[in-house]
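A structural walkthrough
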Amino acid sequence: MKKIRIGSGAGYAGDRIEPAVELAQKGDIDYLVFECLAERTIAIGQKQKQQDPARGYNELLEDRMRAVLPLCREKGITIITNMGSANPRAAGEAVIALARELGLPGVKVAVVTGDDVYATLIKEDLTLDEAGVPVSQSGKNILSANAYLGAEGLVQALAGGANVVIAGRVADPSLFLSPMIHAFNWAFDDWERLGKGTCIGHLLECGGQVTGGYYADPGYKDVQGLARLGFPIAEVTERGDAVITKVAGSGGRVCVDTCKEQLMYEIHRPDRYLTPDVVADFSGVTFTAHGDDAVAVAGATGRPRTDTLKVSVGYQDGFIGEGEIAYAGPGAVARGRLALDIVRERFELCRFTPEEARFDLIGIDALHGALRSRHGEPYEVRARVAARCLTRKQAVRVGNEVETLYTNGPAGGGGVMKSVKEILAMDSTLLPRKLTQAQVDYLESAK
C-alpha cells in the first residue's frame, strides 16, 4: 500500500528551526510542513506591509528556508507553509532570491492567494460575530480580513510541480491534508478520508506538542530531552490511517497520552470539527502504541463541508500600558498589595480612567484569582498593573505610575519593567464560500 511521510517543521511563527533541519536530514520524509500563523499574525503582517510593501510575511522565512531548502532539494522533499502571512507573493519572491543566492537552480515556488477578503468584507457589510453588528456599524478600525482557505489551492500547487508552496491564511490541518489528497488522489468529496486526513493534520499542526512539548509535568508526566525536542512525523497510508512518530534519538516522547492531549487541543466539538475541507468527526478515534515513540491513529471520519468559510478579522483596539515591580523577603506580599493599592488610588486622584485595568500579584493571584490562591505566602512576588487605553500617551502613563513606586511606594521595590503595546484585536465572520477561491501563481529560479 502506498505511503507518504509528512514532517511538521513548525507549530507557530517563532518556533525552533533545528527540529525542521533534523526532519529533513534524518526523517526520511516526503513533505515538510511549516504551520506559522496564529489568529492575529496576519493583522500584524498587514501593519508591516503598510510600512513596507516588501514585508508582511513571516520574519523567520529566510532563516528557515536557508536552513532546509538545500537539504530538501537534495532529498526531493516538498515544502508547504503558510509563512506568506499577509504577503505570500513577497514571500515567494524572497525564496526565489534565496535559491539563486544558494545556487539552487530550478526551484519552483507556488504562491497561493485568495484568502485576503478585506474588500469583500466591506462590500458585503458582513456581520461580525463578537460585535454582533455589520462592519459598517461596528466603529472598528479594520486592518485585515482573511478567509480560512482549505486544501484545494495547495493541491493545485502540488499538481503543478511546486517544490515550495507558500500560502497566507489556510486552515492549519489543510496544510497537512493537501499532500495526502495529492499523493493518494483523494476526491474532494471523499468525506471519510478527508476526515481522517484532517485528524492527522490536527495532530501534526502544533509541531512539538504531540512529541511531548506542552505535556511535561515532572514526576507525573516525565519527558526527556525537551531542549532538543524532536518534531513529529506522520507515516500515512492511502486509506487515511497513520503512525505518529519522530526521528530516532531526538528528544521528547510520542505516546498515546501525548496524542490524546493534542487531539483535544483547540477544538470545540470532537464530533463536529469544522474545517474548510470537511466537518471532521474525531469521536471514534483510537490510538495504539506501536513500540517506542510510535502511535497508530485510526477511526476518524467526516461529513460534507459547510457552505461558508470562517474569516478572521483584525482591527486596531487601542494600546496596553503595563508596569511591574518586584518585592522580596518578609512581608513581600503585604508590600506588593500596598503597591497596587497606591497605583489604584493614583488613577483616581489623577482622574485617569482606562478602558480596562488589572492589578495582579504575580505568584499570588495573577492567573486564577484570589479564591484559588489561598495558601502559604511566597518569599517574593511581582506587582503588575496593566490597562487598555485609547491612546499611546495614556498607555505610557500606566508604566510611569508603577515606576514612581521606586521612591514613593513600599520599601524594597526593584526591577521595574514597563511597556506599551498596540492592541491588534480579532473578531470573525462567515463568508459564503462562493465569494472567494484560491489562486495559484508560480515563480521559478533559473534552470
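No experiment lies behind these values; they were computed from the predicted model shown.

With mixed pairing, ten strands are arranged side by side in an open sheet as β11-β12-β8-β7-β1-β2-β3-β6-β4-β18. Both outer strands of the open sheet, β11 (286-289) and β18 (439-444), are each paired with one neighbouring strand and no more. Within this sheet the neighbouring strands show an average axis-to-axis angle of 20°, counted without direction. Here strand β3 (residues 78-81) runs beside strand β6 (residues 164-167); their pairing, made up of three bridges, is parallel. Along β6, the bridge assignment pairs I79 with V164. In the packing of helix α4 (residues 88-101) onto the sheet, the strands contacted are β4 (108-113), β6 and β18, and the crossing angle to β4 comes to about 170°. The strands that helix α7 (residues 152-159) touches are β2 (31-34), β3, β4, β6 and β18; relative to β18, the one it contacts most, it runs at about 35°.

This part is about the sheet that holds strand β10 (residues 279-281). Pairing in this open sheet of three strands is antiparallel, and the strands run β9-β10-β13 from one edge to the other. Since the sheet does not close on itself, it has two edges, and those belong to β9 (273-274) and β13 (301-303), each with one partner. Relative to β13, β10 runs antiparallel, the two being bridged by three bridges. Its bridge partner being in β13, A280 is matched across the sheet by G302. Strand contacts of helix α9 (residues 191-204): β9, β10 and β13, with the helix running at about 120° to β13, the strand carrying the most contacts.

To continue, consider the packing of aromatic side chains. All told, the structure shown has five aromatic pairs when counted by the stated rule. Through a chain of ring-to-ring contacts, three or more aromatic side chains come together here, namely F347, F352 and F359. When the ring centre of F359 is taken as reference, the NZ or CZ atom of R344 above it lies at 4.5 Å.

Relative to the 26 Å expected for 18 residues at 1.5 Å per residue, helix α11 (residues 332-349) spans 26 Å between its end C-alpha atoms, a close match to the ideal helical length. All of the buried residues along α11 are A332, V333, R335, G336, A339, L340, V343 and F347. Looking at the buried side of α11, the elements it contacts are β14 (308-328), β15 (356-362), β16 (380-389), α12 (392-403) and α13 (405-408). Remark: R351 follows α11 within two positions and exhibits a positive phi of approximately 50°.

Moving on, we come to the environment of E35. Mapped onto the secondary structure, E35 falls in the loop between β2 and α2 (41-51). With relative accessibility at 3%, the residue E35 sits in the buried group. C-alpha of E35 to C-alpha of I320: the two residues are 285 residues apart in sequence and 28 Å apart in space. Once you skip the residues sitting within four places of it in the chain, E35 turns out to touch A10, G11, Y12, N82, D172, L175, F176 and E205. Polar contacts involving the side chain of E35 include one to the side chain of N82, which spans 3.0 Å.

Let's shift gears to the nonpolar core. Grouped together as the largest cluster of nonpolar side chains are 64 residues, with contacts concentrated most on I6, V165, V236, I244, F282 and V297. The greatest single-element share of this core, amounting to seven residues, is contributed by helix α8 (residues 172-184). Once residues within four sequence positions are removed from consideration, I6 is found in contact with I29, Y31, V33, F176, P179, M180, L204, P232, I233, A234 and V236. Among the nonpolar cores identified, the runner-up in size contains 37 residues, and I77, I79, I96 and V109 belong to it.

Here we come to the side chain of S8. Of note, S8 is situated in strand β1 (residues 3-10). For S8, the side chain forms a polar contact with the main-chain oxygen of L204, separated by 2.8 Å. Each residue touching S8, except ones within four places of it in the same chain, is listed here: L23, V33, F176, L204, G207, F231 and P232.

Attention now moves to the pattern of salt bridges. Two side chains of opposite charge can pair, provided their charged atoms sit close to one another. Enumeration over the complete set of coordinates arrives at 25 salt bridges. Measuring nitrogen to oxygen at the nearest pair gives 3.8 Å for the salt bridge that ties E39 to K310. In this pair, E39 sits in the loop between β2 and α2 while K310 sits in strand β14, placing the two residues 271 residues apart along the sequence. Shared partners join several salt bridges into a network, and the residues in it are E322, R358, D360 and R384.

It is worth spelling out the packing of helix α3 (residues 61-75) against α4 at this point. It is the contact of α3 with α4, at a shortest axis distance of 10 Å, that shows an interaxial angle of 40°. It follows from the interaxial angle that α3 and α4 lie oblique. Of the two elements, α3 crosses α4, and the hand of that crossing is right-handed. Seen from α3, the contacting residues are L61, E62, M65, R66 and L69; seen from α4, they are A91, A94, V95, L98, A99 and E101.

Criteria and cut-off values
Residues numbered from 1 in each chain as written. Predicted model: local features only at pLDDT ≥ 70, side-chain atom pairs only at ≥ 80, totals over all residues. Heavy atoms only, no water. Pairing = 2+ DSSP bridges. Helix = DSSP H or I, 4+ residues; strand = E, 2+ residues; numbered from the N terminus. Axes fitted to C-alpha atoms, helices over the stretch in contact; angles between N-to-C directions. Contact = heavy atoms within 4.5 Å. Phe/Tyr/Trp six-rings, centres within 6.5 Å; stacked < 30°, edge-to-face > 60°. Lys NZ or Arg CZ within 6 Å of the ring centre and 35° of its normal. Expected span 1.5 Å × (residues − 1). Buried < 20%, exposed > 50% of the residue type's maximum accessible area, 1.4 Å probe, protein only. Polar contact = N/O pair within 3.5 Å; in protein donor to acceptor, adjacent residues only side chain to side chain. Core = buried A, V, L, I, M, F, W, Y, C linked by side-chain atoms within 4.5 Å. Salt bridge = Lys/Arg side-chain N within 4 Å of Asp/Glu carboxyl O. Parallel < 35°, antiparallel > 145°, perpendicular 65-115°, else oblique. Left-handed = near helix turned anticlockwise from the far one by under 90°.

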